[in-house]
Amino acid sequence: MSSIVVFGAGGTAGSRVTAEAFRRGHRVTAAVRRPEATSYLPAGVRVVTGDVTSARSVRELASEADVLVVAVGGGERTLWADAARTLTTTLAELPDPPRIIHLGGGATLLAPDGTRFLDAPDFPERYRDPALGQADALDCYRSSADGVPWTYVSPPPLEFHPGERTGRYRTGADHPVTDAQGRSVLSYEDLAVAVVDEIENPRHLNTRFTVAY
């Protein structure tokens, strides 16, 4: 059993990771900006006010945690890189820092020609800033020399939505995992399965991996 803090536990991805970890018997703390708006989380999950871009908040919540999951969204482009920098620099001060698992963007994955999906000419403009922000966070982790263990998880670049928990998935590295028809598809529920599997059996330390069917 691990002690897991989920930053952004009130969101679409974070709430599913929280529920998946809790149902498997882990001690889960939901770190959110508005604790009063999380009544849909499982009873027994500890809910606290937390800010992943605050060194003080990170330090307090990391003190008894094995893993910090970053599932925040909805902010300015700088949000995700600010989170990555705050985590890596703050946790580096600890003698035995918890591991970071960052739920990142699928648009940072590479197309067959080696370019990022977010750099395609037809990439939707309304998603560009969040995609660039997630790319900045990935760069931050990859360039970190603080010795803090991290893992960055990318869903598919397009077909990623709430759905069924099947418990099945395949993993890849920097290119999307595709089926025989070339599609890369995943539900939020099975992303949560993959994240908690990675917590229980670390296989992607200090690297990015992607998940799809």
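A brief structural summary. (Residues numbered from 1 in each chain as written. Predicted model: local features only at pLDDT ≥ 70, side-chain atom pairs only at ≥ 80, totals over all residues. Heavy atoms only, no water.)

Burial within strand S6 (residues 150–154) is extensive, with five of its five residues counted as buried. A two-sided burial pattern is seen for S6, the buried positions comprising Trp 150, Tyr 152 and Ser 154 on one face and Thr 151 and Val 153 on the other. As for the winding sense of the linkage, the β-α-β connection from strand S5 (residues 99–103) through helix H4 (residues 128–143) to S6 is right-handed. Inspection of the sheet shows S6 paired to strand S10 (residues 207–212) by four bridges, in the parallel sense. When the sheet's bridge partners are listed, Tyr 152 is paired in S10 with Arg 208. (Buried < 20%, exposed > 50% of the residue type's maximum accessible area, 1.4 Å probe, protein only. Helix = DSSP H or I, 4+ residues; strand = E, 2+ residues; numbered from the N terminus. Right-handed = clockwise from strand over helix to strand, strands pointing away. Pairing = 2+ DSSP bridges.)

Another point: the sheet that holds strand S3 (residues 46–49). Reading across from one edge, S3-S2-S1-S4-S5-S6-S10-S8 is the order of the eight strands in this open sheet, with mixed pairing throughout. In this open sheet, the two strands that pair with only one neighbour each are S3 and strand S8 (170–172). Neighbouring strand axes in the sheet, compared pairwise and without regard to direction, differ in orientation by 25° on average. Helix-sheet contacts for helix H2 (residues 55–62) involve strand S1 (3–7), strand S2 (27–32), S3 and strand S4 (67–70), and the interaxial angle to S1 is about 155°. Of the strands in this sheet, S1, S4, S5, S6 and S10 touch helix H5 (residues 188–200), which is tilted by about 165° from S5. (Axes fitted to C-alpha atoms, helices over the stretch in contact; angles between N-to-C directions. Contact = heavy atoms within 4.5 Å.)

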